[in-house]
Amino acid sequence: MKQRKIPVRMCVACREGKPKKELIRIVRSQEGAVSVDVTGKAPGRGAYICPDVACLERAYKTRALNRALGAELTEETFQELKRVILRREIGK
């Protein structure tokens, strides 16, 4: 039986390639709203980040997410993303 290819995406902060399922997707919708995409299938411009608070803070500080999405990441969205990462760490 043929083995399926695992999609790999790159974290915008640490630039490390990882399997898509391990990363968190942030999406900018057509209206310009930035949100966390839990399903990984929402329409719009997407960017991926490691489920690590240090990676998130690096991306926020260097404005890597802003460049990747072409939109401004608000403090609200940053805090929501941080909560998602912390929940994922607790679940492990």
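The structure this text deals with has already been given above.
The rules behind these values
- Residues numbered from 1 in each chain as written.
- Predicted model: local features only at pLDDT ≥ 70, side-chain atom pairs only at ≥ 80, totals over all residues.
- Heavy atoms only, no water.
- Helix = DSSP H or I, 4+ residues; strand = E, 2+ residues; numbered from the N terminus.
- Expected span 1.5 Å × (residues − 1).
- Buried < 20%, exposed > 50% of the residue type's maximum accessible area, 1.4 Å probe, protein only.
- Arc of directions from axis to C-beta.
- Contact = heavy atoms within 4.5 Å.
- Pairing = 2+ DSSP bridges.
- Axes fitted to C-alpha atoms, helices over the stretch in contact; angles between N-to-C directions.
- Polar contact = N/O pair within 3.5 Å; in protein donor to acceptor, adjacent residues only side chain to side chain.

Chemist: Where do I start with helix α3 (residues 75-91) in this structure?
Modeler: Since the α-helix packs 3.6 residues into each turn, any two residues three or four apart lie on the same face. Given a rise of 1.5 Å per residue, 17 residues ought to cover 24 Å, and the 24 Å separating the end C-alpha atoms of α3 matches this to within 8%. All of the buried residues in α3 are T77, F78, L81, V84 and I85. When α3 is viewed along its axis, its buried side chains cluster within an angular range of 120 degrees and face the same direction. For α3, exposure combined with an orientation more than 90 degrees from the buried face picks out E76, R87 and I90. On its buried face, α3 sits against β3 (24-28), β4 (34-37), α1 (53-62) and α2 (64-69).

Chemist: Mind showing me how you'd approach the sheet that holds strand β5 (residues 45-49) here?
Modeler: Strand order across the open sheet formed by three strands is β4-β3-β5, with antiparallel pairing between neighbours. In this open sheet, the two edge strands, each paired with only one partner strand, are β4 and β5. Taken pair by pair, the neighbouring strands of this sheet meet at an average axis angle of 30 degrees, ignoring direction. Of the strand pairs in this sheet, β3 and β5 are connected by five bridges, and their pairing is antiparallel. Counterpart to R25 in the pairing with β5 is Y48.

Chemist: Mind showing me how you'd approach the side chain of T77 here?
Modeler: With respect to the helices and strands, T77 occurs in helix α3. Relative accessible area serves as the criterion here: at 8%, T77 is assigned to the buried category. In terms of polar contacts, T77 uses its side chain to reach the side chain of T74, at 2.8 Å. When sequence neighbours within four positions are dropped, the list of residues in contact with T77 reads V34 and S35.

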